[in-house]
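Descriptive structure summary
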Amino acid sequence: MDVLRRSQATMYPGGLTVENLAGKHIPFNSRKIHRSLTALTNDPTVVHRVESLIVAQLAGFDVVATGTIEATIVETLQQLGYGNMAQNYRRRQHA
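Anyway, here's the lowdown on the structure attached to this text. Since the structure is predicted, the reported quantities are computational estimates derived from the model, not experimental observations. (Residues numbered from 1 in each chain as written. Predicted model: local features only at pLDDT ≥ 70, side-chain atom pairs only at ≥ 80, totals over all residues. Heavy atoms only, no water.)

1. Observations regarding the nonpolar core
Where we set the bar: What is meant by a nonpolar core is a set of buried Ala, Val, Leu, Ile, Met, Phe, Trp, Tyr and Cys residues, joined one to another through side-chain atoms within 4.5 Å. Exposure is judged per residue with a 1.4 Å probe applied to protein chains only, and the accessible area is read against the type maximum: over 50% gives exposed, under 20% gives buried, and values in between give partly exposed. The helix and strand labels rest on DSSP assignments: H or I over at least four residues marks a helix, E over at least two residues marks a strand, and numbering proceeds from the N terminus. Any pair of residues with heavy atoms lying within 4.5 Å of one another is described as a contacting pair.
In this structure, Ile33, Leu37, Leu58, Ile69 and Leu77 are the most contacted members of the largest nonpolar core, which totals 20 residues. Mapped onto this core, the elements with two or more residues apiece are α1 (30-38), α2 (44-58), β4 (61-65), α3 (66-79) and α4 (83-93). Apart from the residues lying within four places of it in its own chain, the contact partners of Leu58 are Leu16, Phe28, Ile33, Val64, Ile69 and Thr72.

2. Things to note about the packing of α1 against α2
In helix packing, the relevant descriptors are the interaxial angle and the interaxial distance, both defined with respect to the helix axes. Rules: Between N-to-C directions, angles span 0 to 180 degrees; the directions come from axes that are lines fitted to C-alpha atoms, helices contributing only their stretch in contact. Two helices cross in a left-handed way if the nearer one is turned anticlockwise from the farther one by less than a right angle. They cross in a right-handed way if the turn is clockwise. Throughout this entry, Asp, Glu, Lys and Arg are counted as charged residues, while Ala, Val, Leu, Ile, Met, Phe, Trp, Tyr, Cys and Pro are counted as nonpolar. The remaining residues, Gly among them, count as polar.
One can describe the packing of α1 onto α2 by two numbers: an axis separation of 10 Å at closest approach and a directional angle of 145 degrees. You can see that α1 and α2 cross each other, and the crossing is right-handed. Along its contact with α1, which presents Ser30, Ile33, His34, Leu37 and Thr38, the element α2 presents Val47, Val50, Glu51, Ile54, Val55 and Leu58. Of the residues contributing to the contact of α1 with α2, the split by class is seven nonpolar, three polar and one charged.

3. Focus on α3
As a reminder of what qualifies: Given a helix with a known number of residues, its expected span is that number minus one, times 1.5 Å.
The terminal C-alpha atoms of α3, which comprises 14 residues, lie 20 Å apart, in line with the 20 Å expected from a rise of 1.5 Å per residue. Those residues of α3 that fall on the buried side of the exposure criterion are Thr68, Ile69, Thr72, Ile73, Val74, Thr76 and Leu77. Gly81, located one to two residues past α3, shows a positive phi value of around 90 degrees.

Set out below in structure tokens:
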């Protein structure tokens, strides 16, 4: 299951919990997304734009699976026209 629960009250990722592949719940850390994006490009404007959109999409959830976060990153990159970055991100995740 990609998304475990949708929050009606929480609108900020501070309350977001991530469920990893082993089923363990850990607090969401947006710095991980930031690091992944900066590994793909040196352009801080692109990193900020993409990161902001990803975090905004995740902000309404209480618990989200790591696979959903990865899919959100790839889809956001593709929608913004960064197809090569999306492919590189996918390769890094499955290497």
